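For reference, the chains in residue letters:
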Amino acid sequence: MKKLSIRLKITLWFSIILIVVVALTYLVILSVSGQIIQKTIRDNLIQTVESNVDEVEYYSSSDMASTNDVDYYVRYGDGYIEIDDDFLDQVNGVYTSLCSSDGTLIYGENPIVRETAGLAFSDFQVQRITVDGTLYYVFDRKPETEGLEDMWLRGVVSENQGDAEMSDISRYSLILLPSLVLIAIIGGYLIACRTLRPIRQIADTAAQIQQGDDLKKRIELNEGDDELHRLAEQFNEMFARLETSFQTQQQFVSDASHELRTPVAVINAQCELTLEQERTAEEYEEALNVVWRQGRKMNRMINSMLDFTRLKLQPERYAKERLNLSELTDSVCQDMALIREKEITLTCEAEPEVYCNGNRELLTRLLSNLISNAYRYGKENGYIKVSLTTDRNGEITLSVEDNGIGISEEDLPNIFHRFYQADASRTGGGSGLGLAMAEEIAAFHDGEISVESNPGCGSRFSFHLK
Ligand code: ADP
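Since the model is a prediction, treat every value here as computed from it, not as a measurement.

1. A few points about a nonpolar patch on the surface
A cluster of nonpolar side chains, contributed by L4, L8, L12, I16, V20, L24 and L27, occupies part of the molecular surface with about 590 Å² of accessible area. Checked against the element boundaries, L27 lands in helix 1 (residues 6-53).

Right, here's the structure in full:
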């Protein structure tokens, strides 16, 4: 049973239930029709006898002489019993006979006259008698006509009278019901196959993806909007997300290895060159400085990559709280103003009491990344202006403006990509991950970062938060 497919199990289950229901229906049909037929037979018996009662009359001799019709007459006592020609002695299996109260048949028919001779007459009563294993209904009526006080009308009908109808009903049921069961089972099986086809396609596609590592595969279904179509759509969306995240991961690994290769190559080259011959103490010191700088660069890059991955893969590590963004901005600016690289002046104009729902560590990182860049790509004796404002709609804008080297139009669309560095910035010591991280932090807070830049004049990065 466990090895059967779902569609077979469903079909089997419904077939068994259907067969049981149909069998019970068949029995109920037979039993109800049997009862109805038997009642009809009895009603028919009563009706026939009742109508025959009015067809029997008694005439004294003088009355007899005055009538002229041609009905059947039986001499009785001083007169005659007249049996009208409408008297039905045998109709629809009902036999009616006129008997004297001692059981002697006067007129009419009774197929079990001997067997019913001992059966006491009982007015208006349907009695039962079994003869040779067959049940007969017997119905007696006493004529109310004057002169016939000693007479009885006895109707007799066999219960087998309904056999023909019963066998018809049984035959039709035996043909019709199994045909319906068969149609229902075949129809049910086909519908189950059709309905469950998407599940098979889902399983096949998942297997193909697993075997062939082809994340591009999708479940292809016909038009439809049932639960399975929706499930297939969900799977397709999941496959698409898997593909994207797999590609992103691959891209990340390849970018990271590419970026790490340069400092490693510099270290190797520097070591090889230095070890080629005996060096002076200053030359060794200079070589060590190169190695140290490249080591620091790699360290920065690895830390940035780790932070970036952590934020992407484990955002739950960074809880949000209601925090005073004005205080945070002031404090970051105070710390970073101490850098005083290239004699650049940092000023901060933060609107007081600006609150937001965010993560302190991440927002500090975002602002310091933007300010570090402004220092790194700033000019000697330049400036950095940090401002925090809110507009009428409550949107918060945190901007970092500098009058540094600016960004060319071609570079502008790429600067938020991981590891992207404009050529002019390659020697700046950055990792190419600062802005990608800032954008990720902005997205984490449901905000966004925009940039305006004028090459040679400066740039302005703005973080918008609703
Ligand atoms: P990096 O570590 O190289 O600074 P980022 O992701 O922070 O990496 O920045 C990507 C690139 O964007 C930089 O290499 C630089 O070319 C450009 N950039 C970023 N900020 C500025 C700025 N304030 N002025 C000019 N160029 C900038």
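Read on, since the account is not over.
2. What about unusual backbone geometry?
A positive phi angle, near 60 degrees, is found at N381, a position not held by glycine. By relative accessible area, N381 is classed as exposed at 59%.

3. Notes on the pairing of strand 16 (residues 458-465)
Extensive coverage of strand 16 is indicated by the burial of 6 of its 8 residues. When strand 15 (residues 448-454) meets strand 16, the two strands line up antiparallel, connected through 7 bridges. Its bridge partner lying in strand 16, V451 is registered against F461. Linking strand 15 back to strand 16 in an antiparallel pair, the connection comprises 3 residues, with G456 at a positive phi of about 85 degrees.

4. Structural notes on the sheet that holds strand 16
In space, the 5 strands of this open sheet follow the order 11-13-14-16-15, with mixed pairing throughout. In this open sheet, the two strands that pair with only one neighbour each are strand 11 (345-350) and strand 15. Taken pair by pair, the neighbouring strands of this sheet meet at an average axis angle of 10 degrees, ignoring direction. Bridge count between strand 11 and strand 13 (residues 383-390): 6 bridges; the pairing is parallel. Following the sheet pairing, C348 is matched in strand 13 by V386. Helix 7 (residues 325-337) rests against strand 11, strand 13 and strand 14 (396-402) of the sheet, and its axis sits at about 170 degrees to strand 11. Packed on one face of the sheet, helix 8 (residues 360-376) meets strand 11, strand 13, strand 14, strand 15 and strand 16 and runs near 20 degrees to strand 14.

5. Comments concerning the packing of aromatic side chains
For the coordinates displayed, the defined rule picks out 9 aromatic pairs. Pairing F252 with F419 gives two aromatic rings, centres 6.0 Å apart and planes at 40 degrees, and the pair type is tilted. Of this pair, F252 sits in helix 5 (residues 227-275) while F419 sits in the loop between strand 14 and helix 9 (434-444), placing them 167 residues apart in sequence. No difference in accessibility class separates F252 from F419, as the two residues are buried. Between Y318 and F444, the aromatic rings sit 6.4 Å apart at their centres with planes inclined by 80 degrees, giving edge-to-face as the arrangement. With Y318 in the loop between helix 6 (281-313) and strand 10 (321-324) and F444 in helix 9, this pair connects stretches of sequence that are 126 residues apart. Under the relative-accessibility criterion, Y318 is labelled buried at 8%. Residue class for F444 comes out buried when judged on its relative accessible area of 17%. Through a chain of ring-to-ring contacts, the aromatic side chains of Y72, F87 and Y107 assemble into a single cluster. Positioned above the aromatic ring of F444, the side-chain terminus of K320 is 4.8 Å from the ring centre.

6. Things to note about a negative patch on the surface
A contiguous patch of negative charge, built from D102, E146, E149 and D150, is present on the exposed surface. Its location among the elements puts D102 in the loop between strand 5 (94-100) and strand 6 (105-108). On the basis of relative accessible area, D102 is assigned to the exposed category, the value being 59%.

7. So, the packing of helix 6 against helix 9
A packed helix pair is summarised by two numbers, namely the angle formed by the two axes and the spacing between the axes. Running from N to C, helix 6 and helix 9 cross one another at 20 degrees; their axes reach a closest spacing of 10 Å. Of the possible angle classes, the one that applies to helix 6 and helix 9 is roughly parallel. Considering the relative orientation of helix 6 and helix 9, their crossing is left-handed. Taking contact as the criterion, the partners of D307, F308, L311 and K312 in helix 6 are, on helix 9, A436, M437, E440, I441 and F444.

8. Brief notes about the nonpolar core
In terms of nonpolar packing, the biggest core is built from 47 residues, with L325, I371, I384 and V386 touching the most fellow members. Those elements that place two or more of their residues in this core are helix 5, helix 6, helix 7, helix 8, strand 13, strand 14, helix 9 and strand 16. Top contributing element to this core by residue count: helix 8, with 8 residues. With residues near it in sequence (within four places) discarded, I384 still touches I344, T345, L346, T347, I371, A374, Y375, V400 and E401. Ranked by size, the runner-up nonpolar core spans 20 residues in total, among them L45, Y107, L148 and V157.

What counts, and where the lines are drawn
- Residues numbered from 1 in each chain as written.
- Predicted model: local features only at pLDDT ≥ 70, side-chain atom pairs only at ≥ 80, totals over all residues.
- Heavy atoms only, no water.
- Patch = residues over 30% accessible without salt bridge, like charges linked within 9 Å, V, L, I, M, F, W, Y side chains within 5 Å.
- Areas by Shrake-Rupley, 256 points an atom, 1.4 Å probe, with all protein chains shown as cover.
- Salt bridge = Lys/Arg side-chain N within 4 Å of Asp/Glu carboxyl O.
- Helix = DSSP H or I, 4+ residues; strand = E, 2+ residues; numbered from the N terminus.
- Buried < 20%, exposed > 50% of the residue type's maximum accessible area, 1.4 Å probe, protein only.
- Pairing = 2+ DSSP bridges.
- Axes fitted to C-alpha atoms, helices over the stretch in contact; angles between N-to-C directions.
- Contact = heavy atoms within 4.5 Å.
- Phe/Tyr/Trp six-rings, centres within 6.5 Å; stacked < 30°, edge-to-face > 60°.
- Lys NZ or Arg CZ within 6 Å of the ring centre and 35° of its normal.
- Lys, Arg positive; Asp, Glu negative; His and termini not counted.
- Charge placed at Lys NZ, Arg CZ, Asp CG, Glu CD.
- Parallel < 35°, antiparallel > 145°, perpendicular 65-115°, else oblique.
- Left-handed = near helix turned anticlockwise from the far one by under 90°.
- Core = buried A, V, L, I, M, F, W, Y, C linked by side-chain atoms within 4.5 Å.

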